[in-house]
2 protein chains.
Amino acid sequence: MKGSVMSLSMYQASAPVFMTMLNNLSAILEKAEAHAKERNIDECVLLNWRFAPDMFPLTRQVQIAADFAKGTTARLAGVEVPKYADDETSFAGLMQRIAKTLTFVESFRPTDIDGSEDRDITLTAGSRELQFKGQPYLLNFALPNFYFHVTTAYDLLRACGVGIGKMDYIGAV
Amino acid sequence: MKGSVMSLSMYQASAPVFMTMLNNLSAILEKAEAHAKERNIDECVLLNWRFAPDMFPLTRQVQIAADFAKGTTARLAGVEVPKYADDETSFAGLMQRIAKTLTFVESFRPTDIDGSEDRDITLTAGSRELQFKGQPYLLNFALPNFYFHVTTAYDLLRACGVGIGKMDYIGAV
């Protein structure tokens, strides 16, 4: 199959993208954990870092990123979105949350998600009920939100001096 | 065509996504410009804000976001990437840069970009030459980079106290 790429599909544009970025995010968190340990920084300092008093701290950014991966693949496949408790208090806990999310995302086959362009998606965001078709849900809501939280987690750790660079975010290319 | 969504395609996953997010980014910059004016803050303070000494400041984040939109659509369509000077020194200048980029991105028709999954893409990043097929280039390089720079621009302005929220980033849904 060398050199061959299949047509873009709803599966290709979602599950493998989430897998790659969640693996990258987990590796970034591992570097942050080592950074805190080396410098005797209480992990809580980094985990609660935020850019503004009314923005979410690092822990919540990671939880939401993982939840967009879980919720998007589940909704596109038309299965119930599993609920995970938001109770992580360490980098190890966040990495476990990502690992659990990866196992869920990896459980989908292309045929579970392909053809979901026109699927009706309903979700609640705060007090609002949002209705989408599958394709605009993925392209204009799920992916920009997912990337928002992964990037903000990266930026928070970068601002805290953790030795990470753009290639940690993008991964091997 | 009410309720109908076409199959996901390379065009749908690129140009309209860039257009939406660049329009959102421009509106965010307009709010930042007004914020600076109201509080008598020299625009340069915001334009040069950065999260770490070795990260790019706001101006460069916006330029790079715009360049990913321009470069990605051009490369997927197989046309030369136009070069724009990186000489903006004001929010108005950055909004013009985005407007010029939008005109370029809007010039592509779906047929210019659709079917580019397997197209060979070569580009240089720093001193490295990167080679991709069109689909992984879009999904694993261009989009994560584009969202990285849009989000970082948003986060920088949010950290500076500009009155923006997540809906400014996502836009009307």
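Residues numbered from 1 in each chain as written. Chains lettered and ligands numbered in written order. Predicted model: local features only at pLDDT ≥ 70, side-chain atom pairs only at ≥ 80, totals over all residues. Heavy atoms only, no water.

What follows concerns the overall build of chain A. Helix and strand content of chain A: 7 helices and 2 strands. Secondary structure elements of chain A, listed N to C terminal, follow the sequence α-α-α-α-α-β-β-α-α. Taken over the C-alpha trace, chain A has a radius of gyration of 17 Å; the compact-globule value for 173 residues is 16 Å, and the two agree within 12%. Over its C-alpha atoms, taken along the principal directions, chain A stretches across nearly 50 × 50 × 25 Å. The buried share of chain A, taken over its 173 residues, is 53%. Within chain A, contacts between residues at least 6 apart in sequence are counted, and of these 68% link residues at least 24 apart. (Helix = DSSP H or I, 4+ residues; strand = E, 2+ residues; numbered from the N terminus. Rg over C-alpha atoms; globule rule 2.2 N^0.38 Å. Buried < 20%, exposed > 50% of the residue type's maximum accessible area, 1.4 Å probe, protein only. Contact = heavy atoms within 4.5 Å.)

It is worth spelling out unusual backbone geometry at this point. Residues and elements named next belong to chain A. With phi around 60°, N40 is a residue other than glycine that occupies positive phi space. By the secondary structure assignment, N40 is in the loop between α1 (15-38) and α2 (43-47). Assessed through its relative accessible area of 74%, N40 is described here as exposed.

The partner chain A presents 44 residues to the 44 residues of chain B that form the contact. Buried surface at the junction of chain B and chain A, both sides included, amounts to about 3,700 Å², of which 62% is carbon and sulfur. Here chain B is connected to chain A by 2 salt bridges. Between D54(A) and R158(B) there is a salt bridge, with its nearest N and O atoms 3.0 Å apart. Along the contact surface separating chain B from chain A lie 14 residue pairs in polar contact (both at pLDDT 80 or more). Those elements that place two or more of their residues in the side of chain B that touches chain A are α1 (15-38), β2 (128-133), α6 (134-159) and α7 (166-170) of chain B. Element by element, the count of residues in the side of chain B that touches chain A is highest for α6(B), at 16 residues. (Buried area = accessible area lost by both parts, 1.4 Å probe. Salt bridge = Lys/Arg side-chain N within 4 Å of Asp/Glu carboxyl O. Polar contact = N/O pair within 3.5 Å; in protein donor to acceptor, adjacent residues only side chain to side chain.)

A few words on the pairing of strand β1 (residues 120-125) of chain A. All names here are of chain A. The pairing of β1 with strand β2 (residues 128-133) spans 6 bridges and is classified as antiparallel. Bridge pairing in β2 places T124 opposite E129. In this antiparallel pair of consecutive strands, β1 and β2, the connection spans 2 residues, and G126 shows a positive phi of 65°. (Pairing = 2+ DSSP bridges.)

F91(A), F146(A), L157(A), F91(B), F146(B) and L157(B) are the most contacted members of the largest nonpolar core, which totals 124 residues. Here F91(B) is in contact with L29(B), A32(B), E33(B), E43(B), L46(B), L47(B), L58(B) and L157(B), once residues within four sequence places are set aside. (Core = buried A, V, L, I, M, F, W, Y, C linked by side-chain atoms within 4.5 Å.)

Turning our eyes to something else, we now look at α1(A). With 24 residues, α1(A) should cover 34 Å at 1.5 Å per step; its first-to-last C-alpha distance of 35 Å lies within 8% of that length. Where α1(A) ends, the next residue or the one after it, N40(A), has phi of about 60°, a positive value. (Expected span 1.5 Å × (residues − 1).)

Here the focus is the confidence of the model for chain A. In the predicted model, chain A carries a mean pLDDT of 95, and 97% of its residues have values of at least 70. Interface confidence for the predicted complex, given as ipTM, is 0.96, next to a pTM of 0.96. (pLDDT = per-residue confidence, 0-100.)

Our next topic: the side chain of S9(A). Mapped onto the elements, S9(A) comes out in the segment before α1. The buried category is assigned to S9(A), whose relative accessible area is 13%. In terms of polar contacts, S9(A) uses its side chain to reach the side chain of D114(A), at 2.8 Å. Look past the residues within four positions of S9(A) in its chain and what remains in contact with it is D114(A) and L8(B).

Attention shifts here to the relation of the copies chain B and chain A. Superposition of chain B onto chain A requires a rotation of 180° combined with a translation of 0.0 Å along the rotation axis, giving an RMSD of 0.0 Å. Expressed as an axis order, the relation between the two copies is that of a two-fold axis. (Least-squares fit on C-alpha atoms with pLDDT ≥ 70 in both.)

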